[in-house]
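Each chain, letter by letter, is given below.
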Amino acid sequence: MVVRVRGVEDAKRMREELRDERHGSGAVTPVIAPPTGAGAARVVAEGGDRIEVDLDEFTRAESRLAELHGTLSELLGRAGGELGQPLGDGRGPVARHMRQAFGLRAGDQDAGDVGGGVQTALRSYLKELERLRDALHQVGVTHRAEDEQVAEELRRL
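**Q** It is not clear to me how the overall build of the protein should be interpreted in this structure. Could you clarify?
**A** Helix and strand counts for the protein stand at 4 helices and 0 strands. For the protein, the sequential pattern of α-helices and β-strands runs α-α-α-α. Within the protein, counting contacts between residues at least 6 apart in sequence, those at least 24 apart form 50% of the total. When the accessible area of the protein is evaluated, it comes to approximately 13700 Å², of which 56% is carbon and sulfur surface.

Spelled out as structure tokens, the structure:
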């Protein structure tokens, strides 16, 4: 939406109107449903002190996560090659500034206190995803070991 502002007073009036719309009188507070206990993963605690894990499903989920991690890594690698090449930026008075701004946002350059571009952020996310995958793998290893230990104890009985 394009809005034309004709001066400081017009801008102040618009700001007040926007503030009134956001905090307006007579605004109805939405009703929020009570928690159901079922989150996004549909895990519901039902009076137990344990979590049951379907190890086959867990392994499939781990494999799928590894595939998606590989795909994301591959795309990031390809983007690095494509974004690493300079783009034609014209000869206008803002061309140099635009080149720097887009280079910082799209590239891997250090942006001072901003912290780097999109590639830098994606690499950081990939590292976090790797830590998550390692933690999930350890959970699977621990559950398998516990299941095997319980099964061994039951065989002895």
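**Q** I would appreciate a short explanation of the confidence of the model for the protein in the present structure.
**A** Close reading of the predicted structure is inappropriate where its pLDDT is low. Mean pLDDT over the protein: 75, with 62% of residues reaching 70 or higher. Across the protein, the element-wise mean pLDDT spans from 66 in helix α3 (residues 95-106) up to 87 in helix α4 (residues 118-156). Every residue in residues 110-114 is under pLDDT 50, and counting partners more than four places away or in other chains gives 3 contacts.

**Q** For this particular structure, what's the right way to read the pattern of salt bridges?
**A** In this structure the tally under the stated criterion is 9 salt bridges. The partner of Glu-153 in a salt bridge is Arg-156, with the nearest N and O atoms 3.7 Å apart. Here Arg-156 and Glu-153 lie together in helix α4, a separation of 3 residues that amounts to about one turn. Relative accessible area serves as the criterion here: at 59%, Arg-156 is assigned to the exposed category. Beyond isolated ion pairs, a larger network of salt bridges with shared partners links Glu-152, Glu-153, Arg-155 and Arg-156.

**Q** How should the side chain of Glu-62 be read in this particular structure?
**A** Checked against the element boundaries, Glu-62 lands in helix α2 (residues 55-83). Buried within the structure, Glu-62 lacks any salt-bridge partner; its nearest side chain of opposite charge belongs to Arg-144, at an N-O separation of 4.6 Å. Non-local contacts of Glu-62, meaning those with residues more than four positions away in its chain, are made with Arg-133, Leu-136 and His-137.

**Q** Would you explain the side chain of Asp-10 in this entry?
**A** Locating Asp-10 in the fold gives a position in helix α1 (residues 8-23). Residue classification places Asp-10 among the buried positions, given a relative accessible area of 15%. With sequence-adjacent residues up to four places away left out, Asp-10 is seen in contact with Arg-4 and Val-5.

**Q** I'm lost on a nonpolar patch on the surface in this one. Help?
**A** On the surface, a nonpolar cluster with roughly 370 Å² of combined accessible area is contributed by Val-150, Leu-154 and Leu-157. On the secondary structure map, Val-150 appears in helix α4.

Definitions and cut-offs
Residues numbered from 1 in each chain as written. Predicted model: local features only at pLDDT ≥ 70, side-chain atom pairs only at ≥ 80, totals over all residues. Heavy atoms only, no water. Helix = DSSP H or I, 4+ residues; strand = E, 2+ residues; numbered from the N terminus. Contact = heavy atoms within 4.5 Å. Areas by Shrake-Rupley, 256 points an atom, 1.4 Å probe, with all protein chains shown as cover. pLDDT = per-residue confidence, 0-100. Salt bridge = Lys/Arg side-chain N within 4 Å of Asp/Glu carboxyl O. Buried < 20%, exposed > 50% of the residue type's maximum accessible area, 1.4 Å probe, protein only. Lys, Arg positive; Asp, Glu negative; His and termini not counted. Patch = residues over 30% accessible without salt bridge, like charges linked within 9 Å, V, L, I, M, F, W, Y side chains within 5 Å.

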